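Residue strings, one per chain:
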Amino acid sequence: MTGAGGFGRMRRKEDQRFIRGQGCYIDDVQLPGMLYGAVLRSPYPHARILGIDTLAAEAHPRVRAVITGASLHERNLAWMPTLSGDRQAVLATDKVRFQGQEVAFVVAEDRYSARDALELIDVEYEPLPAVVDARRALDPGAPVIRDDLPGRVGNHIFDWEAGDAGRTEEVFRDAEVTITQDMLYPRVHPAPLETCGAVADFDQVSGKLTLWETTQAPHAHRTLYAMVTGLPEHKIRVISPDIGGGFGNKVPIYPGYVCAIVGSIITGQPVKWTEDRSENLMSTCFARDFHMRGELAAGRDGRIRAVRVTVLADHGAFNGTAQPSKFPAGFFGVFTGSYDLEAAHCRVTGVYTNKAPGGVAYSCSFRVTEAVYLIERLVDLLAYELDMDPAELRMRNLLRPEQFPYTCQTGWTYDSGDYPRTLRLALDLAGYESLREEQEAERANGHLMGIGVSFFTEAVGAGPRQHMDILGLGMADGVELRIHPTGTAVLRISVQTQGQGHETTFAQIVAEELGLSPDDVEVVHGDTDQTPFGLGTYGSRSTPVSGAATAIVARKVRERARIVAAAMLEVDAADLEWEPGRWFVRGDPDQGRTIAEIALAAHSDLELPEGVEGHLDAACVYNPPNLTYPCGAYVCVADVDPGTGKVSVRRFIAVDDCGVRINPMIVEGQVHGGLADGIGMALMEVIAFDPDGNCLGGSFMDYLLPTSLECPAWELGETVTPSPHHPIGAKGVGESATVGSPPAVVNAVIDALRPYGVRHADMPLTPAQVWRAIQGRPLRTDLAIG
Amino acid sequence: MTIRVAMTVNGTEYARDVEPRLLLIHFIRDELGLTGSHWGCDTSNCGSCVVWLDAKPVKSCTLLAAMADGHAVRTVEGLEQDGRLDPVQQGFVECHGLQCGFCTPGMMMTARWLLDRNPDPDEAEIREAISGQICRCTGYENIVRSIRWAAGHPAEHPA
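Note on numbering: residues in each chain are counted from 1, in written sequence order. Here the convention is simple: chains get letters from A, ligands get numbers from 1, in the order in which they are written. For a predicted model such as this one, the threshold for reporting local features is a pLDDT of at least 70, and the threshold for listing and counting side-chain atom pairs is 80 or more; totals across whole chains, interfaces and linings nevertheless cover every residue. The side-chain values count all of the structure's non-hydrogen atoms but skip hydrogen atoms and water molecules.

**Student:** Got a minute to help me understand the overall build of chain A in this structure?
**Tutor:** Helix and strand definitions follow DSSP, with helices as H or I runs of at least four residues and strands as E runs of at least two, each counted in order from the N terminus. In terms of regular secondary structure, chain A is built from 18 helices and 34 strands. In terms of C-alpha radius of gyration, chain A reaches 27 Å, essentially the compact-globule figure of 28 Å for 786 residues. Expressed as a percentage of its 786 residues, the buried residues of chain A come to 66%. Contacts in chain A between residues at least 24 apart in sequence constitute 79% of all its contacts with a sequence separation of at least 6. Values of accessible area rely on a 1.4 Å probe in the Shrake-Rupley scheme; residue burial ignores everything except the protein chains shown. As displayed, chain A offers around 25200 Å² of accessible surface, 50% of which is attributable to carbon and sulfur atoms. Charge counting treats Lys and Arg as positive and Asp and Glu as negative, with His and both chain ends excluded. Charged side chains are reduced to one point each, which is NZ for Lys, CZ for Arg, CG for Asp and CD for Glu. Averaged over its 70 positive side-chain charges, chain A has a centre that lies 2 Å from the centre of its 103 negative ones. Only the C-alpha atoms count toward the radius of gyration. The rule for a globule is 2.2 Å times the residue count to the power 0.38. Buried means the residue's accessible area, taken with a 1.4 Å probe over protein chains only, is under 20% of the maximum for its type, while exposed means over 50%, and partly exposed covers the values in between. The contact criterion used is simple: two residues touch if any of their non-hydrogen atoms lie within 4.5 Å.

**Student:** Sorry, what's going on with helix α7 (residues 255–267) of chain A here?
**Tutor:** Residues three or four positions apart in an α-helix share a direction because the helix packs 3.6 residues into each turn. Residues and elements named next belong to chain A. A helix is expected to reach a length of 1.5 Å times the quantity of its residues less one. The terminal C-alpha atoms of α7, which comprises 13 residues, lie 18 Å apart, in line with the 18 Å expected from a rise of 1.5 Å per residue. Of all 13 residues in α7, eleven are buried, a share of seventy percent or more. Looking only at α7, the buried set comprises Pro255, Gly256, Tyr257, Val258, Cys259, Ala260, Ile261, Val262, Gly263, Ser264 and Thr267. Gly268 sits one or two positions beyond α7 and adopts a positive phi of about 75°.

**Student:** Looking at this structure, I do not really get the interface of chain A and chain B. What am I missing?
**Tutor:** Accessible area lost upon the coming together of the parts is a frequently used measure of interface size. Opposite the 55 residues of chain A that make contact, chain B presents 48 residues. The buried area of a pairing is the accessible area, by a 1.4 Å probe, that goes missing from both parts when the two are put together, added over both. Taking both partners together, chain A and chain B bury about 4300 Å²; carbon and sulfur atoms supply 54% of that area. When the buried area of chain A at its contact with chain B is split by residue, Ile19, Tyr112 and Leu193 of chain A rank highest and sum to 19% of it. When a carboxyl oxygen of Asp or Glu is within 4 Å of a side-chain nitrogen of Lys or Arg, the pair counts as a salt bridge. At the junction of chain A and chain B, the tally comes to seven salt bridges. Asp28 of chain A is paired through a salt bridge with Arg29 of chain B; the nearest N and O atoms lie 2.7 Å apart. Polar contact is the term for a pair of N or O atoms within 3.5 Å; when the atoms are in protein, one must be able to donate a hydrogen and the other to accept it, and sequence-neighboring residues count only if both atoms are side-chain atoms. At the boundary of chain A with chain B, the tally comes to 25 residue pairs in polar contact (both at pLDDT 80 or more).

**Student:** Mind showing me how you'd approach the side chain of Thr336 of chain A here?
**Tutor:** All names here are of chain A. Structurally, the position occupied by Thr336 is in the loop between β17 (304–314) and β18 (343–351). Relative accessible area serves as the criterion here: at 2%, Thr336 is assigned to the buried category. Within the structure, the side chain of Thr336 is placed 3.3 Å from the side chain of Tyr414, a separation counted as a polar contact. Contact partners of Thr336, with chain neighbours within four places excluded, come to Leu341, Ala344, Ile375, Cys408, Gln409, Thr410 and Tyr414.

**Student:** I'm lost on helix α5 (residues 165–173) of chain A in this one. Help?
**Tutor:** Residues and elements named next belong to chain A. Of the residues making up α5, those classed as buried are Thr168, Val171 and Phe172. Projection of α5 onto a plane perpendicular to its axis shows the buried side chains occupying an angular sector of 100°, all on one side. Contacts made by the buried residues of α5 are with β10 (177–185), β16 (290–298), β17 and β18. Where α5 begins, one side-chain oxygen reaches toward the backbone nitrogen of Gly166, 3.1 Å away; that side chain belongs to Asp164. Here the arc refers to the directions that run from the helix axis out to each C-beta atom.

**Student:** Is there a simple way to think about the side chain of Ser741 of chain A in this case?
**Tutor:** Residue and element names in this part refer to chain A. With respect to the secondary-structure elements, Ser741 resides in helix α17 (residues 736–752). Of the polar contacts made by the side chain of Ser741, one reaches the backbone oxygen of Gly674; its length is 3.5 Å. Of the polar contacts made by the side chain of Ser741, one reaches the backbone oxygen of Ala737; its length is 2.6 Å. Beyond its immediate chain neighbours, meaning those up to four positions away, Ser741 contacts Tyr634, Phe652, Gly674, Leu675 and Gly678.

**Student:** Teacher, can you tell me more about the packing of aromatic side chains here?
**Tutor:** Where two aromatic rings form a pair, the distance of their centres and the angle of their planes describe that pair. Stacked, edge-to-face and tilted are the three classes for Phe, Tyr and Trp ring pairs, Trp counted by its six-membered ring, which pair at centre distances within 6.5 Å; planes under 30 degrees apart are stacked, over 60 edge-to-face, the rest tilted. The tally for this structure, following the rule as stated, stands at 23 aromatic pairs over all chains. Ring geometry for Trp79 of chain A versus Phe318 of chain A: centroids 6.2 Å apart, planes at 80°, classification edge-to-face. Remark: Phe318 of chain A occurs in the loop between β17 and β18 and Trp79 of chain A occurs in strand β4 (residues 79–81); sequence separation between them is 239 residues. Like Trp79 of chain A, the residue Phe318 of chain A is buried in the burial classification. Ring geometry for Phe327 of chain A versus Trp412 of chain A: centroids 5.7 Å apart, planes at 50°, classification tilted. Of this pair, Phe327 of chain A sits in the loop between β17 and β18 while Trp412 of chain A sits in the loop between β20 (406–407) and β21 (413–414); the two residues are 85 residues apart in sequence, bridging distant segments of the chain. Neither residue differs from the other here; Phe327 of chain A and Trp412 of chain A are each classed as buried. We call a charge positioned over a ring when the NZ of a Lys or the CZ of an Arg lies within 6 Å of the ring centre and within 35 degrees of the ring normal. Stacked on the ring of Phe286 of chain A, the Lys or Arg Arg187 of chain A has its end atom at 3.4 Å from the ring centre. Above the face of the Trp52 of chain B ring, Arg74 of chain B is positioned so that its terminal group lies 4.9 Å from the ring centre.

**Student:** In this structure, what is going on with the sheet that holds strand β5 (residues 72–74) of chain B? I would like to understand it.
**Tutor:** By definition, the strands of a sheet pair up through backbone hydrogen bonds, in either a parallel or an antiparallel sense. Residues and elements named next belong to chain B. Read across the open sheet, the five strands follow the order β2-β1-β5-β3-β4; overall the sheet is mixed. Looking at strand neighbours, the two that pair on one side only are β2 (12–18) and β4 (57–59), the edges of this open sheet. Adjacent strand axes in the sheet meet at a mean angle of 40°, parallel and antiparallel pairs treated alike. When DSSP finds two or more bridges between a pair of strands, those strands are recorded as paired. Direction of pairing for strand β1 (residues 3–9) relative to β2: antiparallel, over a ladder of seven bridges. The residue of β2 that forms the bridge with Val5 is Arg16. Along the sheet, helix α1 (residues 24–31) makes contact with β1, β2, β3 (50–53) and β5, crossing β2 at roughly 105°. Here an axis means a line fitted to C-alpha atoms, over the contact stretch when the element is a helix, while the angle between two N-to-C directions is reported on a 0 to 180 degree scale. Here helix α3 (residues 104–117) sits on the sheet and contacts β3, β4 and β5; the angle it forms with β3, its principal contact strand, is near 40°.

**Student:** Would you take a moment to explain the pattern of salt bridges for this structure?
**Tutor:** Pairs can form between side chains of opposite charge whenever their charged atoms are close. Residues and elements named next belong to chain A. All told, the structure shown has 82 salt bridges over all chains when counted by the stated rule. Close ionic contact of Asp477 with Arg541 constitutes a salt bridge, the shortest N to O distance being 2.8 Å. In this pair, Asp477 is assigned in strand β25 (residues 477–483) and Arg541 in the loop between β27 (521–524) and α14 (542–569), connecting sequence segments 64 residues apart. For Asp477, a relative accessible area of 0% gives the class buried. Residue classification places Arg541 among the buried residues on the basis of a relative accessible area of 0%.

**Student:** Even after reading the chapter, I still don't get the state of the cysteines, so can you show me in this structure?
**Tutor:** Two cysteines form a disulfide when their sulfur atoms are joined by a covalent bond. A pair of sulfur atoms, both from cysteines and within 2.5 Å, is called a disulfide here. Considering all chains together, one arrives at zero disulfides over all chains under this definition. Cysteine Cys364 of chain A remains unbridged, with the sulfur of Cys285 of chain A as its closest cysteine sulfur at 8.5 Å. Left unpaired, Cys49 of chain B is separated from the closest cysteine sulfur, that of Cys61 of chain B, by 3.8 Å.

**Student:** Looking at this model, I keep getting lost on the packing of helix α16 (residues 664–683) of chain A against α17 of chain A. Mind explaining?
**Tutor:** In helix packing, the relevant descriptors are the interaxial angle and the interaxial distance, both defined with respect to the helix axes. Residues and elements named next belong to chain A. Following both chains from N to C, one finds α16 and α17 inclined at 45°, their axes separated by 7 Å at the closest point. Relative to α17, the element α16 lies oblique. Like other packed secondary-structure pairs, α16 and α17 cross with a definite hand, here right-handed. On α17, the residues that touch Val671, Gly674, Leu675, Asp677, Gly678, Ile679, Met681, Ala682 and Leu683 of α16 are Ala737, Thr738, Ser741, Pro742, Val745, Val746 and Val749. Among the residues forming the contact of α16 with α17, the class breakdown is eleven nonpolar, four polar and one charged. Should an angle fall under 35 degrees it is called roughly parallel, over 145 degrees roughly antiparallel, and 65 to 115 degrees roughly perpendicular, with every other angle called oblique. Each helix crossing is assigned a hand: it is left-handed if the near helix lies turned anticlockwise from the far helix by less than a right angle, otherwise right-handed if that turn is clockwise. For this classification, Asp, Glu, Lys and Arg are treated as charged, while Ala, Val, Leu, Ile, Met, Phe, Trp, Tyr, Cys and Pro are nonpolar and the rest, including Gly, are polar.

Written out as structure tokens, the structure reads:
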């Protein structure tokens, strides 16, 4: 590994503070006079609030304030907008609508007293029937959850369609083979190791609010706080310090953040609020909860012709999904996958239930996760039906390199890719053919060995702002680059790392473009007072959007340097040529100036051409022309114990194509993390509910995450197909493995169970679920066993 | 009501009057200001809070500060000695053993404990040693490699 140069493996700059315990996460922020907040939450999934008695809590000697929905109502803050244009209760006024909903907020002098005081608040509830099964939400007579919304009669939120229903029906009608399968992508949770929290500090003299919070989108949050609180936006400073993992969980605004702000305004002192693990799992942004019916039409020769899907999407009690506003089902429209189809159609219906709000999180690329799972399970089901090898079936149907740019049947234009080469590489790395031979021998011995294949096309880097916005904020991102007189640089970015290594990769982009050492480029992020506006980091958008902005701003600086160098050398700028770090006179390489020399001159008394300002600094806003479409081919080898149903992942081979890799070490690390997510979701993770609406995934005792023992040593490979529209040819990669790996694991397990004739079982494939599948009675995994 | 709690942390004596129920992790973080050790789950599952109590890794979210009274605690801040990084720290940098960094201090404390007892652990032994701790970013692979790197560079560890 080197410490200089542009692209390539390079140790991360940010590691130095983390390995010394000197990171600064939200709970590490300490301010003089700081108070502590705690949230009282509803024990009921659905209940009317008859009364809240806070007198005893207020009498606690260390309590400084108790806030309820009624007191927020006086400030017009009892409700706040969600990222989907719905509204969400900050503190409940009329009803509670999910177990764990925020009801009251206590501010005390220490965190233990704040918790104690929660016990002193007496809330009188009238329990109401709860809707926890999305499939019952639209029943006539189902309890209406959102009676706060004028004119609403049921729990229906939206219907959304993509593709051509008529054309799809035609293909299905004359298809030789059709496959139908109901499948659930169960509710899961991103569960970053650091829970959510905030420290609010309202200065009553200047009227300025400084808010440290766990956010992946500090600028968008600042704008929303201005809209919600009425504080002017320039009097709000949002600081996102080191973030202990986000994965989408830290995109929304949570009631606790707003309560901390109000607490600071009321008390005149800084207020810290950090949630505990149960609060994080039970009340913050979940993911998935997609009930899908997938259909596939094909020829007997294995030619896939059309895909059709209907989805029931459980959005919980408030429609708080975080995705571009014109896409209520996110980017699920890419369910056509990596195949050349004649027709496709999907219809998605969103419903309210008495479950926590959220819905687009956990590294899902705005629901590409669900789309890839659907199509990759259907393809395996087709292989089963036709008794064909699933890898061969995919190879036969994959898009060919010459078809790019390829516009799929639902209108998404894939930018580039070499799918057959990527799949072939994965199969070769796996030793696929000999694995199949081994499997045959194992089966003969009664052992259950499975080989699962998946191929995914991702759609990341939202996005072109004529199509993509969140609450009216277009998804373009700004960047500013300053070159100091001595030739070192400061880059200010709008996106927000949660572990992705932005301080290193963004420095590498500047270094590559200007011929500097990455060590000479400081990357500033996570402070709205110090960085330009942009929508933040999620949906694998940092490199596709802000990475592009960074390359372009560096090229602007390079062109400014050219003019200054021309003045220094007293030649025409057109006569200069660039080599990394230096402009020189064409034909006379000795006559040249380095960036550092040019930077100093740009700040000096050098006479510049008319109209040319001094300095080299530049800024830009990047509005991407399209998404980037990374792809990958994954192979999972798993063994199943027929006696217990326990699944062991023996090997996992992942070949990713994310275009040009800025820092391959960081890319591989991101893939590793996503593969672990895939094992977790496929085998362990689910937020389930009992019939009364009790959340059964409220701690790490119940919501199981993969450890070092469930994860194999990952085997990676790569292909590189640059994005034709990205300035450095890069594509996003942060979520690729999370998107692509669950179907590979599930396909492997179902393949292992083939001797039992198992066609499908829903995730998570826990020992109980696998065992029941072997018995021919798969479980409904999102509900407690009745 | 408060009680007097005294302990050695990274070689320095500390004494504080604290609530009897104060957790060790909160004592370390809030009373001593050593925020390198993290709190992550309350239920002893995630291991973000792992520190040493008398040279043995413990989950400090599940110990009372009072239970550490009279004992010696070592935290991530005590890994670097005389300005020299522990090979475990260097290994995590060399092998990209961390991303968000939240689990890292606990992982490194367990890794140092393992290497002190088993200077040349194989992959399975490393995976077993860290199996009580959760990392959400790395998929564990590079943590294993980081600890192997440290095992291969013992000379740099100050005796």
